[in-house]
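Listed below, chain by chain, are the residues.
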Amino acid sequence: MGCNCGKEIQKRMESLNRMRALAKKAAIMDNSIYVITEKNGKYNFARYEGQRDVVEYVHFL
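Analysis parameters
- Residues numbered from 1 in each chain as written.
- Predicted model: local features only at pLDDT ≥ 70, side-chain atom pairs only at ≥ 80, totals over all residues.
- Heavy atoms only, no water.
- Pairing = 2+ DSSP bridges.
- Helix = DSSP H or I, 4+ residues; strand = E, 2+ residues; numbered from the N terminus.
- Axes fitted to C-alpha atoms, helices over the stretch in contact; angles between N-to-C directions.
- Contact = heavy atoms within 4.5 Å.

Caption draft 1: Inspection of the sheet that holds strand β1 (residues 34-39) at higher detail. Overall, antiparallel pairing links the three strands, which are arranged β2-β1-β3 in an open sheet. In this open sheet, the two edge strands, each paired with only one partner strand, are β2 (42-47) and β3 (54-58). Sheet twist, expressed as the average angle between the axes of neighbouring strands with direction ignored, equals 25°. The pairing of β1 with β2 spans six bridges and is antiparallel. What sits directly across from lysine 39, in β2, is lysine 42. Along the sheet, helix α1 (residues 5-30) contacts β1, β2 and β3; its crossing angle with β2, the most-contacted strand, is approximately 10°.

Here it is in structure tokens:
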């Protein structure tokens, strides 16, 4: 039985890329900074309000 590590990494990167695209659109529409956070292996994005568990900052300045 082989390891599916490569597929899992690919799925996580695809998920992060989708969140990044959505966060960028929101940042453009809102003219503010958004952050991507991760909790329990799932990515989320929200307007930056001092979060500490930031994976990535997304802005359109």
